[in-house]
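A structural walkthrough
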Amino acid sequence: MRITKTFFETRLVATGEVGFVPTMGFLHEGHLALIEAARAANETVIMSLFVNPLQFDRDGDLARYPRDLERDVELAAAAGADVVFAPELEEMYPGEQFTRVNVNRLSDEMEGPNRPGHFEGVATVVAKLLAGVQPDRSYFGRKDAQQLAIVKRMAADLSFPGSIIGVPIVRESDGLALSSRNVFLSSQEREEALALNRGLMAAADAAEQGVRRTSELVGAVHGEIGTESNLSVEYVTLASQDLVEPLDELDRPAFLALAAWSGKTRLIDNVHLDEANGGFVADRGGRLETTSVLYGPGGPGGGRG
Ligand code: AMP
């Protein structure tokens, strides 16, 4: 396993077809699933670790974002990465930058208005990473459904040569979607947050049983969350997978996504509804059999120093 700091060095050590997994580090099994998907289809697997300042939209959030480079390198190597590209700020943003990438329309709903500038920061850094690494295939989690749609569209619109691949959400055994931010949840907040997944799964069942009206699907989510008064919901929205267009009815491949605050932690989750056999099948993601690597002795984050 190699650790690289520059784009030049990263391209130099890569051979054959390259699978690329961009992340902000503080790895968990969701990130590792992306490495595994890349491992299965490419000769060289490169994971990037870079906490991108451009995509943080709230005061203090960047400084607070968890980091653990040493452990990330160990986990990435064990999961099968050949290269960890961990650039300094200076490599990613040398000098003043005048170029920004905006994927219009797909950024207008859901996360867009709630996180001003976020998707511009994401699209810009992903464009830079794809240009610098030149992968054949890049892997993104379905956890960030709108981000995945935006990256796919950006790559198509800007004629990036590689393909963009979406990977199912990895969940804790009790259904909580893995996120680097889960370490901020107290045990009570974590317990309450489980209602988010319960709501999405109830809607997934309904969709598979033939419910098509968005109001009913969204209602199924609220039915579960309503019982947890400490969760503050920002949105629950059904949108198309390609254009992130809000839908009145489930009539094309879509995702039902939500954002909610549990205490001071903002959580997002979703269920993709894919077309199959004339109906829809829900991608419920995979569940871990044991506790996530994020949780060490002494509770959430306790093993992470
Ligand atoms: P991040 O480090 O949070 O920017 O995430 C890096 C990549 O990992 C993104 O493509 C995310 O969508 C993906 N990811 C994060 N959490 C999960 C999860 N629980 N399951 C699958 N992919 C995930």
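Predicted, not measured: the structure shown is a model, and the values here were computed from it. (Residues numbered from 1 in each chain as written. Predicted model: local features only at pLDDT ≥ 70, side-chain atom pairs only at ≥ 80, totals over all residues. Heavy atoms only, no water.)

The next point concerns the pairing of strand β9 (residues 254-262). In terms of residue burial, β9 counts as a mostly covered element, since eight of its nine residues are buried. Counted between consecutive antiparallel strands, the loop separating β9 from strand β10 (residues 265-276) contains two residues, among which Gly263 sits at a positive phi close to 65°. (Buried < 20%, exposed > 50% of the residue type's maximum accessible area, 1.4 Å probe, protein only. Helix = DSSP H or I, 4+ residues; strand = E, 2+ residues; numbered from the N terminus. Pairing = 2+ DSSP bridges.)

Further remarks concern the site of the ligand. In the vicinity of the ligand lie 17 residues, with Met24, Gly141, Asp144, Val170 and Leu178 positioned nearest. One of the backbone nitrogen or oxygen atoms of Met24 is found 2.9 Å away from an oxygen atom of the ligand. Leu178 places a main-chain nitrogen or oxygen 2.9 Å from a nitrogen atom of the ligand. Taken by itself the ligand offers 480 Å² of open surface, and the protein chains cover 92% of this. Those elements giving two or more residues to the shell around the ligand turn out to be β2 (18-23), α2 (29-41) and β5 (137-141). If you tally residues by element for the shell around the ligand, the top one is α2, at three residues. Here the residues of the shell around the ligand sort into nine nonpolar, six polar and two charged. (Near = heavy atom within 4 Å. Polar contact = N/O pair within 3.5 Å; in protein donor to acceptor, adjacent residues only side chain to side chain. Areas by Shrake-Rupley, 256 points an atom, 1.4 Å probe, with all protein chains shown as cover. Nonpolar A, V, L, I, M, F, W, Y, C, P; charged D, E, K, R; others polar.)

Here the focus is the sheet that holds β9. Pairing is antiparallel in the open sheet, where four strands are placed in the order β8-β9-β10-β11. Each edge of the open sheet is held by one strand with a lone partner, namely β8 (231-240) and β11 (279-283). Strand-to-strand, the axes of this sheet are offset by a mean angle of 20°, without reference to chain direction. As paired strands, β10 and β11 are joined by five bridges and run antiparallel to one another. The partner of Ala276 across the bridge, within β11, is Gly279. Set on the sheet, helix α9 (residues 187-208) makes contact with β8, β9, β10 and β11; between it and β10 the angle comes to about 15°. Relative to the sheet, helix α10 (residues 214-225) contacts β8 and β9, its axis offset from that of β8 by approximately 155°. (Axes fitted to C-alpha atoms, helices over the stretch in contact; angles between N-to-C directions. Contact = heavy atoms within 4.5 Å.)

One pass over the full model with this rule turns up 21 salt bridges. The salt bridge involving Glu88 is made with Lys5; its shortest N-O contact spans 3.6 Å. Residue Glu88 is found in the loop between β4 (83-85) and α5 (89-92), and its partner Lys5 is found in the loop between β1 (2-4) and α1 (7-13); the two are separated by 83 residues along the sequence. Residues Arg153 and Asp157 are paired through a salt bridge, measuring 3.5 Å at the closest nitrogen-oxygen approach. Remark: Asp157 and Arg153 occur in helix α8 (residues 145-157); sequence separation between them is four residues, near one turn of the helix. Using a relative accessible area of 37% as the deciding quantity, one classes Arg153 as partly exposed. One salt-bridge network, in which partners are shared between bridges, spans Asp57, Arg58, Asp61, Arg115 and Arg181. (Salt bridge = Lys/Arg side-chain N within 4 Å of Asp/Glu carboxyl O.)

In this section: the domain arrangement of the protein chain. What the domain assignment reports for the protein chain is domain 1 (2-167) and domain 2 (180-295). Contacts between the two partners involve 28 residues from domain 1 and, on the opposite side, 31 residues from domain 2. Roughly 2600 Å² of surface becomes buried between domain 1 and domain 2 when both sides are summed, with 55% attributable to carbon and sulfur atoms. On inspection of domain 1 and its partner domain 2, the count reaches five salt bridges. The shortest N-O distance in the salt bridge between Arg142 and Asp283 comes to 2.9 Å. Among the elements of the structure, α2, α3 (61-64), α4 (69-79), α6 (111-114) and α8 are those that each provide at least two residues to the side of domain 1 that touches domain 2. For the side of domain 1 that touches domain 2, the leading source of residues is α8, giving four residues. Each residue belonging to the side of domain 1 that touches domain 2 can be placed in one class, and the counts come to 10 nonpolar, five polar and 13 charged. (Domains from an automatic or database assignment. Buried area = accessible area lost by both parts, 1.4 Å probe.)

Tracing the backbone shows Arg115 in the loop between α6 and α7 (118-133). In this view, Arg115 contacts Gln55, Asp57, Arg58, Asp61, Arg181 and Arg266; residues no more than four positions away in its chain are not counted.

Turning next to the pairing of strand β6 (residues 163-167). Both β5 and β6 contribute to a ladder of five bridges, which runs parallel. The residue bridging Phe140 from the neighbouring strand is Gly166, located in β6. Read as a crossover between parallel neighbours, the route from β5 over α8 to β6 is right-handed. (Right-handed = clockwise from strand over helix to strand, strands pointing away.)

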